Amino acid sequence: MSIVTSGGTSSSGTASGSSASSTAKSGTSSSATGIANNFDQFLTLLTTQLKNQSPLDPMDTNQFTQQLVQFAGVEQQLKTNDTLSSLLSLNAAGTATNAVGFIGSTITADGATAQLTDGKAAWKVNSSAGGQATVTIKDANGNVVQTMTRSLTAGDQSLSWDGTTSVGTQAPAGAYTITVDGKSLAGDALTVKTQISGTVDGVDFTSSVPTLKIGSIGVAIDKVKSVVRSQ
């Protein structure tokens, strides 16, 4: 964002015209150095014109005063942007440090995908009322591996699966996702929310929000509902 200005020594409009051009072009740059250089150029032009102005036709001080105010405003905005960038960097560093602190802790978070380990996977379920539910379990490729019928009670409850598929074989360890279709005793649809729980063994920082890892499952840190520190 370099700005080129032209100088003059006799016309009262030269400095203001040059500085106006300089200001307009400086608006297209994010370089604080460019602003500083053009401000110096403006002062040089202004000083030259003040020295060489005609006593019979003095410069209009309002023009260059306005230019000074504009330069000061742009400079202040650049400083504000730098400060915000620093604050964002500090905030990101703090978030990263906090995320690492989750490693080894058991978390509960919104989600429907749990890790099947040693023949056991578990979810937390919250139902708006009592009734019956059809639970469909799918593997990481979206294939249905088991369909179960379970009773529901109003409120929080646990749902576990031993890894047995619908054909009686043992599903391999990995991530499995459930879908719960709940019906009340009267046959009305129920609102059923699911949560997962597990021990954090890693953190992924590739996205804007750190992702806590439970095996192959990723949980955005802002989805965490509760944390239990290991003793």
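Figured I'd write up the structure that's included with this text.

Rules used throughout
Residues numbered from 1 in each chain as written. Predicted model: local features only at pLDDT ≥ 70, side-chain atom pairs only at ≥ 80, totals over all residues. Heavy atoms only, no water. Helix = DSSP H or I, 4+ residues; strand = E, 2+ residues; numbered from the N terminus. Buried < 20%, exposed > 50% of the residue type's maximum accessible area, 1.4 Å probe, protein only. Contact = heavy atoms within 4.5 Å. Salt bridge = Lys/Arg side-chain N within 4 Å of Asp/Glu carboxyl O. Pairing = 2+ DSSP bridges. Axes fitted to C-alpha atoms, helices over the stretch in contact; angles between N-to-C directions. Phe/Tyr/Trp six-rings, centres within 6.5 Å; stacked < 30°, edge-to-face > 60°. Core = buried A, V, L, I, M, F, W, Y, C linked by side-chain atoms within 4.5 Å.

All right, on to the overall build of the chain then. Secondary structure assignment for the chain yields three helices and 12 strands. Looking at the chain as a whole, 31% of its 231 residues are labelled buried. Look at the contacts in the chain between residues 6 or more apart in sequence, and 66% of them connect residues 24 or more apart.

So, on to the pattern of salt bridges. What the rule picks out here adds up to one salt bridge. Its salt-bridge partner being Lys 225, residue Asp 110 comes within 3.3 Å of it at the nearest N-O pair. Pair noted here: Asp 110 is in strand E1 (residues 106-110) and Lys 225 is in strand E12 (residues 224-228), with a separation of 115 residues, a long-range link.

Glancing now at the sheet that holds strand E9 (residues 202-204). Overall, antiparallel pairing links the three strands, which are arranged E9-E10-E11 in an open sheet. Looking along the sheet, the strands with just one partner apiece sit at the ends: E9 and strand E11 (217-220). The average undirected angle you get between the axes of adjacent strands in this sheet is 35°. Summarising the sheet, E9 and strand E10 (residues 211-214) pair through three bridges and their orientation is antiparallel. Of the residues in E10, the one forming a bridge with Gly 202 is Lys 213.

Sheet topology note: the strand E4 (residues 131-138)/strand E5 (residues 144-152) ladder contains eight bridges and is antiparallel. Bridging across to E5, Thr 134 finds its partner in Thr 149. Turn length for the E4-E5 hairpin, with the two strands adjacent in sequence and antiparallel, is five residues, and the turn residue Gly 142 shows positive phi of about 90°. As defined by bridge partners, E4 adjoins strand E7 (residues 174-184) across eight bridges and the pair is classed as antiparallel.

Glancing now at unusual backbone geometry. For Asp 118, which is not glycine, the phi dihedral falls at a positive 55°. You can see Asp 118 is positioned in the loop between strand E2 (113-116) and strand E3 (121-127). Residue class for Asp 118 comes out exposed when judged on its relative accessible area of 78%.

Bringing the packing of aromatic side chains into the picture now. Applying the stated criterion to the full structure yields one aromatic pair. A ring pair is formed by Trp 161 and Tyr 176, whose centres lie 5.1 Å apart and whose planes are at 70°; its orientation type is edge-to-face. Taken together, the positions of Trp 161 in strand E6 (residues 155-161) and Tyr 176 in strand E7 put the pair 15 residues apart, joining distant regions of the chain. A relative accessible area of 3% means that Trp 161 is categorised as buried. Here Tyr 176 falls in the buried class, since its relative accessible area comes to 4%.

Formed by 32 residues in total, the largest nonpolar core has its most connected members in Ile 107, Trp 123, Ile 137, Trp 161, Leu 212 and Val 219. Broken down by element, the residue count for this core peaks at four residues, all from E7. With residues up to four places along the chain from it excluded, the contact list for Trp 123 reads Ala 112, Thr 113, Ala 114, Gln 157, Ser 158, Leu 159, Trp 161, Tyr 176, Ile 178, Gln 195 and Ile 196.

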